[in-house]
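Each chain is listed here by its residues.
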Amino acid sequence: MNKFERFESTVVVLAIDNIDTDQIIPARFLKTVSKEGLGERLFCDWRYDARGNPVPDFALNRPRARDARVLLAGDNFGCGSSREHAVWALIQFGFRAVISTSFADIFRQNALKNFLLPIQVAPDVHERLASALRLDPDARVIVDLEQSTLQLPDGAKVGFPIDGFARQCLLEGIDELGYVLSRESAIAAYEAKLFR
Amino acid sequence: MTPRTIVDKIWDAHVVCREPGAPALLYIDLHLIHEVTSPQAFDGLRRRKLKVRRPDLTCATVDHSIPTTEPVMPIADPVAARQVAQLESNCAEFGIPCYGPGNARQGIVHVIGPELGMTQPGMTVVCGDSHTATHGAFGALAFGIGTTEVEMVLATQCLLQRRPGTFRVHVEGRLQRGVTAKDLILALIAKIGAAGGTGFVFEYCGPAVRGLSMEERMTVCNMSIEAGARAGLVAPDDVTFEYLHGKPFSPKGREWEEALARWKKLATDEGARYDNSVALDAGDLEPMITFGTNPAMAIPIGAPVPDPAGIADPQARASLVQALGYMGLVPGKPVAGLPVDVAFIGSCTNGRIGDLRQAARILEGRKVHPGVRLLVVPGSHAVREQAQAEGLHRIFIDAGAEWRRPGCSLCIAMNGDRLQPGQYCVSTSNRNFEGRQGQGGRTLLASPLTAAAAAVAGRVVDPRTML
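Residues numbered from 1 in each chain as written. Chains lettered and ligands numbered in written order. Predicted model: local features only at pLDDT ≥ 70, side-chain atom pairs only at ≥ 80, totals over all residues.

*Asks:* Tell me about the overall build of chain A, residues and numbers included.
*Replies:* When its secondary structure is counted, chain A shows 8 helices and 7 strands. Relative to the compact-globule value of 16 Å for 196 residues, chain A shows a C-alpha radius of gyration of 18 Å, a close match. Overall, the C-alpha framework of chain A stretches about 65 × 45 × 30 Å when taken along its three principal axes. Scored against the burial criterion, the 196 residues of chain A give a buried share of 43%. For chain A, restricting intrachain contacts to residue pairs at least 6 apart in sequence, the fraction spanning at least 24 positions comes to 66%. (Helix = DSSP H or I, 4+ residues; strand = E, 2+ residues; numbered from the N terminus. Rg over C-alpha atoms; globule rule 2.2 N^0.38 Å. Buried ≥ 20, exposed ≤ 12 C-beta atoms within 10 Å, placed from the backbone. Contact = placed C-beta atoms within 7 Å.)

*Asks:* Now, about the interface of chain B and chain A: what can you tell me, with residues and values included?
*Replies:* Counting residues at the interface gives 53 residues for chain B, matched by 43 residues for chain A. At the level of elements, strand 1 (15–17), strand 2 (24–27), helix 2 (39–48), helix 3 (78–94), helix 5 (147–156), strand 8 (158–161) and helix 11 (314–327) of chain B are the ones that each hand at least two residues to the side of chain B that touches chain A. Sort the elements by how many residues they give to the side of chain B that touches chain A and helix 5 of chain B lands first, with 6 residues. In terms of residue class, the side of chain B that touches chain A is built from 22 nonpolar, 23 polar and 8 charged. (Nonpolar A, V, L, I, M, F, W, Y, C, P; charged D, E, K, R; others polar.)

*Asks:* An account of the sheet that holds strand 4 (residues 58–61) of chain B is requested, with residue identities and associated values reported.
*Replies:* All names here are of chain B. Strand order in the open sheet formed by 5 strands is 5-4-3-6-7, with parallel pairing between adjacent strands. Of all strands in the sheet, those with a lone pairing partner are strand 5 (98–99) and strand 7 (141–144), marking the two edges. As judged from the 3 bridges shared by strand 3 (residues 30–33) and strand 6 (residues 124–127), these two strands associate in the parallel manner. Paired with His-31 across the strands is Val-126, a residue of strand 6. (Pairing = 2+ DSSP bridges.)

*Asks:* Describe the sheet that holds strand 2 (residues 70–73) of chain A, listing the residues and the values that go with them.
*Replies:* Residues and elements named next belong to chain A. Ordered in space as 4-3-2-1-5-6-7, the 7 strands form an open sheet in which the pairing is mixed. Of all strands in the sheet, those bounded by a partner on one side alone are strand 4 (117–120) and strand 7 (157–159). The sheet shows a mean angle of 30 degrees between the axes of neighbouring strands, taken without regard to direction. (Axes fitted to C-alpha atoms, helices over the stretch in contact; angles between N-to-C directions.)

*Asks:* Can you tell me about the packing of helix 13 (residues 353–363) of chain B against helix 16 (residues 448–457) of chain B, naming the residues and giving the values?
*Replies:* All names here are of chain B. The interhelical angle for the contact between helix 13 and helix 16, taken along N-to-C directions, is 35 degrees, at an axis separation of 8 Å. Remark: the crossing between helix 13 and helix 16 carries right-handed chirality. Note on element contacts: helix 16 touches helix 13 through Pro-448, Leu-449, Ala-451, Ala-452, Ala-453 and Val-456, opposite Asp-355, Gln-358, Ala-359, Ile-362 and Leu-363. Classifying every residue of the contact of helix 13 with helix 16 gives 9 nonpolar, 1 polar and 1 charged. (Left-handed = near helix turned anticlockwise from the far one by under 90°.)

By themselves, these figures tell us nothing about what the structure is for.
Next up, the structure:
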């Protein structure tokens, strides 16, 4: 069973506002009928040049990105299309959390359902983390969902908001579909009333 | 009783159960599916040995990956061919009606739902597609979902949802000549920003909204997501009822009368509270065009492109610099006059018969500029047939446009229709993200009037000069 556990990680910085799901995973890769092979296409058009060679100074291509499990992104991350492929690609690359000042609604839902934690922080916290990473790109953060805290490189812990039900599902590995299927009698009663 | 908004009324009527601390279990009246976001959901059902709970409330079509050139079938791209075939076999296996390639009801999912009368006031409608908000034009609560949620709805006909905030968008006045519903929604998105509606459902109201046709209301609701709102809706009125009357899936006879009585009670009660609000005057609006890489980066067609130097926040400034760099546009100069390579008329935003009639107004008796390629892609077979019955296709073909088969086409560039790197395209679609219409392609979002005018002039031009 998948459970979300506390972890420590370096951070990949992509502090651009309004990163849309077309950038995270371009539409031409959505013709697949599986979830596989999307990690190597993550941020494809920013990550590779026209010949398919890695763009050396793009954040995901730097050696330290290989082991990073946290992405620091700009405001309104994941806007645009509802494609869950964006979340699958982030997960397959190795990310377990994305930090931003805000997330698009559908992206947030998709992320939570795949154990990718959207961590929403205030602009000053975002800037504090970004500047710490400018000074030391190998600085680490600790993500603790149990406490709902993010520990910054300077040791300070900041809380982040998370829906209580989503948090419980992540921590306990609750399968949402199983949860809803077990409400069968309530659904049947609703339908009986609706279609009588 | 406390006055309620239309969103409250639809929400309350669809709550199956609510447990302390958990989101509400919300019943879904209509589930639309397409080839791109459903295959992994069907795999999930098979893995768990589950059935589709309500195939009768589910409907499929193909739109994203389908070619719009003839012959549509067989699809040359083996990956797309497999995806389309898989949708058809999944639907056959689970008993879901599927309007596949060649079916008279095939088309873009957000065009066919309304035109067949499947989308009705007071419904909850979902689809694995962010432009599901389109169906809100009928006074339905309609929103996009991810593939895990598609699987959830297939299996249970329900979703776990938190109640959204309500956001009143009041539009006074009336649109001036040459200014369209597309310009209205672009102006709203520019005003409140790409995340201005996050967490909310828009209710569009006011005299300007009442004055819109159903198709125009669909254009407005369609782009709610571009301001971050997962859904946007318009309370149903006589315009709605007249549109729905006699459609294939509309209630008939006594059921129609009963439905009408129900639908008339949906409008927001006098004095109901909203969580947020904004007001616009339609009379102040001009034709809009985007200059950047998200739909909020939109300006009146004659206005200068904003200067990053005027933006204080460094991250926002960097985003604008990146957008202008990608678009190859210069701050301080208007977009008008920019030479264009392609014009695209179509998509779930502007691929309906009214949109094609608008484009034809400009194109009749004129020629597409020799340097421009114009694609006219109807949103559905029904739209294509109607356009041909009215002779619109003749106007397009005589002008030098490509008259296509229905599909998403150049809006998302999955089916072979795409821009070449660096090309400029005035497009009636909904997203100007980097690479949206093809790697390196540069999109300028606008109305069908503006797209048609650019196709004729060979550059971005105010369409009012051609009316």
